[in-house]
Amino acid sequence: MPVDTKAATDRLMRFLAVAGVTGQEAAIGRELSAALNDVGVPAGAIRLDDANTRIPVPTQTGNLIVDLPGRGALHNQPRIMFMTHMDTVPLCAGARPKLSGRKVVNEAKTALGGDNRTGCGVLVTLAAELAKQKLDHPPITLLFCVREESGLYGARHVNTEELGSPVMAFNYDGGSASNVIIGAVGADRWTVEIFGRASHAGVAPERGISSTMILALALAEVKAGGWFGKVVKGKRQGTSNVGPVTGGEGRPAGDATNVVTDYVHVRGESRSHDGRFFKEITKAYKAAFEKAAKKVTNAQGKSGRVKFKAETDYFPFRMKDNLPVVKRAIEAVTAVGGTPNVRAANGGLDANWMVRHGVPTVTFGAGQNEAHTVDEWINLDEYDRGCALAVQLATMR
């Protein structure tokens, strides 16, 4: 199916110029609604849900949901869904997109926001081409999720009854339009609070209990046990990482060099395609922190203590190759001239939660490169293929 690539690129540039870091998606939501109106989608078909009222961190707005009624010979076929996320990582604040040949680059020293303004551009272009060309298609739901970048919250908390019961979904979030992503890892996010005892580090260090030392011993134990970074235990594999180490709420850990540090707050994650194994990785961290706390004592024999909390961020999934959604995806990629690359992702996707909600979901790319970095750029050839692929997926018989 031919696609107006100039109009598609113009939309992409329009969306890239609108700020919308994770949790602050109100402005890009308004811009997407206006763009959808511009291509003929009536205002009554566009709405925001109330997922933000269930998300446990401040979120300006809910997910944007669009209903496109079926047309022509396919109007009574089962509903399908196209989805993406409309937030960017905080590093994208202040981006200044610029066309440079067949690339979009950034004039600012920030990330660009191709993750995931490319997906937004694809979905609006799909609506535009279906209307402009009067193409036959089944009923379609478009879903633009909030807070993907900070925990897949929009997809997690969407009310599935508002989606119209789609039988399958296609998610845009990645680089190549030929990638047919049918699985992804699951992950825990964990936090640990380490409680020690403050004391003057020069006058009476023996009276203190160093939270910093507890942290050091715990991480040494984790590393020695093979639980940090890439984790391989027999045939099981996963990853883990230790992220921010602070005094809580972004403050430095410790008050001064001459005071024994009495409190440290640590955040980390554990991932694996094996739903049981990432839990085992998290368990290893918990055991290491608890063991280290008992080892660090003061002159009075008192030891430190820890408070460890873990929560599953998203669950792993792997769909079978013979599912209708996978077959449709492979056929469509082939039809637009691509070579399907069927694989699983090592990062979390909104598809993790859609699959858990009962909607089998394949994820494609649309030109993102070097996402989450100041070197981010967009490949317009892949973006065009992503747009053409969406039209193909929507109109296949």
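Residues numbered from 1 in each chain as written. Predicted model: local features only at pLDDT ≥ 70, side-chain atom pairs only at ≥ 80, totals over all residues. Heavy atoms only, no water.

If you check an unreviewed UniProt entry, the protein appears there as M20/M25/M40 family metallo-hydrolase from Bradyrhizobium hipponense.

## Let's talk about the nonpolar core
As a reminder, the rule being used: What makes a nonpolar core is a set of buried Ala, Val, Leu, Ile, Met, Phe, Trp, Tyr and Cys residues whose side-chain atoms join them at distances within 4.5 Å. Partly exposed describes any residue whose relative accessible area lies between the buried limit of under 20% and the exposed limit of over 50%, with all areas from a 1.4 Å probe on protein chains only and scaled to the type maximum. Working definition: helices are DSSP H or I runs of at least four residues, strands are E runs of at least two. Numbering for both runs from the N terminus. Only heavy atoms matter for contacts: two residues are in contact if any of them lie within 4.5 Å across the pair.
In this structure, Phe 82, Leu 142 and Phe 144 are the most contacted members of the largest nonpolar core, which totals 69 residues. Among the elements that line this core, the one with the most residues is helix H9 (residues 380-395), at 9 residues. Setting aside residues no more than four positions away along its own chain, Phe 82 makes contact with Leu 123, Leu 126, Ile 140, Thr 141, Leu 142, Leu 143, Phe 170, Tyr 172, Ala 390, Leu 393 and Ala 394. Core analysis: the second largest hydrophobic core is formed by 23 residues, Trp 190, Val 264, Tyr 285 and Phe 289 among them.

## Focus: the UniProt feature "domain: Peptidase M20 dimerisation" (unreviewed entry) in the protein
Spelled out, the test is: UniProt positions are given in the numbering used here, feature names are shortened, and annotations may be inferred rather than shown by experiment.
Per the UniProt record, "domain: Peptidase M20 dimerisation" (unreviewed entry) is found at residues 183-295. The straight-line gap between the two end C-alpha atoms of residues 183-295 is 41 Å; of that span, 29% is helix and 34% is strand.

## A short note on the sheet that holds strand E10 (residues 229-233)
Under the convention used in this document: In this analysis, strands are considered paired if DSSP registers two or more bridges between them. Axes, fitted as lines to C-alpha atoms, cover a helix only where it is in contact. Angles between the N-to-C directions of the axes lie from 0 to 180 degrees.
Strand order in the open sheet formed by 5 strands is E10-E11-E12-E9-E13, and the pairing between neighbours is antiparallel. Unpaired on one side and paired on the other, E10 and strand E13 (305-314) mark the two borders of the sheet. The average undirected angle you get between the axes of adjacent strands in this sheet is 25°. Both strand E9 (residues 186-195) and strand E12 (residues 263-272) contribute to a ladder of 10 bridges, which runs antiparallel. Bridging across to E12, Ala 187 finds its partner in Arg 271.

## A closer look at unusual backbone geometry
Negative phi characterises most residues that are not glycine, and trans characterises most peptide bonds. Backbone torsion omega between Asp 115 and Asn 116 reads 15°, so that peptide bond is classified as cis. By the secondary structure assignment, Asn 116 is in helix H3 (residues 114-132). The backbone of Lys 134 shows a phi angle near 50°, a positive value even though the residue is not glycine. As for its placement among the helices and strands, Lys 134 is situated in the loop between H3 and strand E6 (140-145). The backbone phi angle of His 372 is positive, close to 70°, even though this residue is not glycine. Positionally, His 372 belongs in the loop between strand E17 (368-369) and strand E18 (377-379). The class for His 372 is partly exposed, based on a relative accessible area of 41%.

## A closer look at the layout of surface pockets
To keep it simple, the criterion reads: Throughout, the protein atoms alone are placed on a 1 Å grid, and a set of points is a cavity if a 1.4 Å probe fits but cannot get out or a pocket if it is open with protein on both sides within 12 Å along at least five of seven lines; lining residues have an atom within 4 Å of a point. Grid points are joined across faces, edges and corners, and a volume is the space filled by probe spheres set on the points. Each residue receives one of three labels: charged for Asp, Glu, Lys and Arg, nonpolar for Ala, Val, Leu, Ile, Met, Phe, Trp, Tyr, Cys and Pro, and polar for the others, Gly being one of them. Where each domain starts and ends follows an automatic or database-derived domain assignment.
By volume, the largest pocket amounts to about 1000 Å³. Every residue lining the largest pocket is counted, 42 residues in all, and those nearest its centre are Glu 149, Gly 151, Arg 189, Arg 271 and Asp 313. Those elements that provide at least two residues to the lining of the largest pocket are helix H4 (153-157), strand E8 (179-184), E9, strand E11 (236-246), E12, E13 and strand E15 (341-345). For the lining of the largest pocket, the element with the highest residue contribution is E13, accounting for 6 residues. Per-class residue counts for the lining of the largest pocket are 12 nonpolar, 16 polar and 14 charged. Looking at which domains feed residues into the lining of the largest pocket, each of domain 1 (5-185 + 316-395) and domain 2 (189-314) gives three or more.

## A look at the UniProt feature "binding site: Zn(2+) 2" (unreviewed entry) in the protein
Condition: Side-chain atoms alone can form a polar contact between residues adjacent in sequence; in general such a contact is a pair of N or O atoms within 3.5 Å, and within protein one must be able to donate a hydrogen while the other accepts it.
Within the UniProt annotation, "binding site: Zn(2+) 2" (unreviewed entry) is assigned to Asp 115 and Glu 149. For this annotated set, covering 35 residues, all C-alpha atoms fall within 9.2 Å of each other, a compact arrangement in space. Lining the largest pocket, out of the annotated residues just given, are Asp 115 and Glu 149. Relative to the assigned elements, Asp 115 resides in helix H3. The exposure class assigned to Asp 115 is buried, which follows from its relative accessible area of 7%. With residues near it in sequence (within four places) discarded, Asp 115 still touches His 85, Asp 87, Thr 88, Glu 149, Asp 173, Gln 368, Ala 371, His 372 and Glu 376. Side-chain polar atoms of Asp 115 contact the side chain of His 85, separated by 3.0 Å. Note that Glu 149 resides in the loop between E6 and H4.

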